[in-house]
Amino acid sequence: MRDIVIFSGSAHRALAHRICGALGVDLSPVEIKRFSNDCLQAQLLANCRQRDVYIVQPLVPPTQEHLMELLLMVDAARGASAAQITAVIPHYAYARSDKKDASRISLGGRLVADMLVAAGVHRVLTMTLHAPQVHGFFSVPVDHLTAIGVLADHFRGTDLTDSVVVSPDLGNAKTATQFARLLGLPVAAGSKQRLADDRVVIDSIVGDVSGRRAIVLDDEIATGGSIVELLERLKDLGCTRADVACTHGLFAGRAVERLREHPMVGEVVTTDTVPAPSGWPELRVRTVAQLFAEAISRIHAGESVSILFDGVDPTHAPPQATLFDRVHA
């Protein structure tokens, strides 16, 4: 079997080290230089020839810098005769740019996918795309992991009496329903309209939240605008408290201040797909390194990865029946 070689850009080396630790391999060194004309250069300092190369790089601010690092590292691996190159992108930021909802607007999600393939990527490993249809923008295989099992672990074992899982919008309701199933809870969802990048209106909530503790689940939190708007509606409807959980805790702008100071918020839980903000010791961070390590191990061995993300985490809920099972039941 070919050797695994894992590299990391500068976006989130801590996560790359955790993934390597779970796999029992060393993180191979990379040298990234900046020339006087502001151009970047990446050099992989380990043998890649006929090896399976995995490059860990979430697209986090400064997003364009980290994207260019990733493209250069992929190009370097291709030039070094890597047998297979997998881009491990825990947070694919351009998944938000997934549709033409205005005239003459760019589709960044598809463009970045094309750039990665052109650079030499053979496969992409990512987690919780903001818009799942971005999966189809790639012309190479994509393994799309979910963190809802990891997040559910945080709440399992706590007192869930009179709790309800709440999605900020109807688009995330399916994932919220899967999450609620893991915890054995009912689910509710907000009806959201986005006015700008940091301005939303939630005019109603579908589901019963009165007198309940809400567990708000979102795929990512950037400025926190959607969450704060949802918290106000929950308060109006008699919700007693809200814990907030998300996969990608970007917490840009005033998000930390908004969430730390809001009287409805009990705790905020996220994962380490992106670096955690400094100066927020109360933030609870759950690692997804083991999930990525298991996926890499399965990809390398030619085994199924779908058990890690198909429907719900199968270690916490029975697998859904297949069509064959339903027909012959």
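Because the structure is a prediction, the values reported are computed rather than measured.

Engineer: How should I be thinking about the overall build of the chain in this particular structure?
Structural biologist: Of regular secondary structure, the chain possesses nine helices and 14 strands. Here the chain has a C-alpha radius of gyration of 20 Å; the compact-globule value for 329 residues is 20 Å, and the two agree. For the chain, the spread of C-alpha atoms along the three principal axes comes to 60 × 55 × 45 Å. Taking all 329 residues of the chain together, the buried fraction comes to 50%. Intrachain contacts of the chain at a sequence separation of at least 6 include 66% that bridge at least 24 residues. As presented, the chain carries roughly 15100 Å² of accessible surface, and 49% of it is formed by carbon and sulfur atoms. Computed over 32 positive and 37 negative side-chain charges, the separation of the two mean positions in the chain equals 2 Å.

Engineer: Before we go on, may I ask you to explain the state of the cysteines in this structure?
Structural biologist: Such a bond, covalent and formed between the sulfur atoms of two cysteines, is termed a disulfide. By the definition in use, this model includes zero disulfides. Looking at the unpaired Cys-20, the closest cysteine sulfur is the one in Cys-48, lying at 13 Å. Accessibility expressed as a relative area gives 1% for Cys-20, which makes it buried. Counting only cysteine sulfurs, Cys-246 is the nearest neighbor of Cys-239, a cysteine outside any disulfide, at a range of 18 Å.

Engineer: Help me out: how do you make sense of the pairing of strand 3 (residues 40-44) in this one?
Structural biologist: Strand residues, when the strand is regular, have side chains that alternate between the two faces of the sheet. What you see with strand 3 is a clean split: Leu-40, Ala-42 and Leu-44 sit on the buried side and Gln-41 and Gln-43 on the side with no burial. Taken together, the five bridges between strand 2 (residues 30-34) and strand 3 define a ladder with antiparallel strand orientation. Counterpart to Arg-34 in the pairing with strand 3 is Leu-40.

Engineer: Teacher, can you tell me more about the nonpolar core here?
Structural biologist: It is characteristic of soluble globular proteins that their nonpolar side chains tend to be buried jointly. In terms of nonpolar packing, the biggest core is built from 34 residues, with Tyr-92, Leu-116 and Phe-138 touching the most fellow members. Among the elements that line this core, the one with the most residues is helix 2 (residues 63-79), at six residues. Dropping the residues within four chain positions of it, Tyr-92 is found in contact with Leu-59, Gly-109, Val-112, Ala-113, Leu-116, Thr-126, Leu-129, Val-134 and Phe-138.

What counts and what doesn't
Residues numbered from 1 in each chain as written. Predicted model: local features only at pLDDT ≥ 70, side-chain atom pairs only at ≥ 80, totals over all residues. Heavy atoms only, no water. Helix = DSSP H or I, 4+ residues; strand = E, 2+ residues; numbered from the N terminus. Rg over C-alpha atoms; globule rule 2.2 N^0.38 Å. Buried < 20%, exposed > 50% of the residue type's maximum accessible area, 1.4 Å probe, protein only. Contact = heavy atoms within 4.5 Å. Areas by Shrake-Rupley, 256 points an atom, 1.4 Å probe, with all protein chains shown as cover. Lys, Arg positive; Asp, Glu negative; His and termini not counted. Charge placed at Lys NZ, Arg CZ, Asp CG, Glu CD. Disulfide = S-S within 2.5 Å. Pairing = 2+ DSSP bridges. Core = buried A, V, L, I, M, F, W, Y, C linked by side-chain atoms within 4.5 Å.

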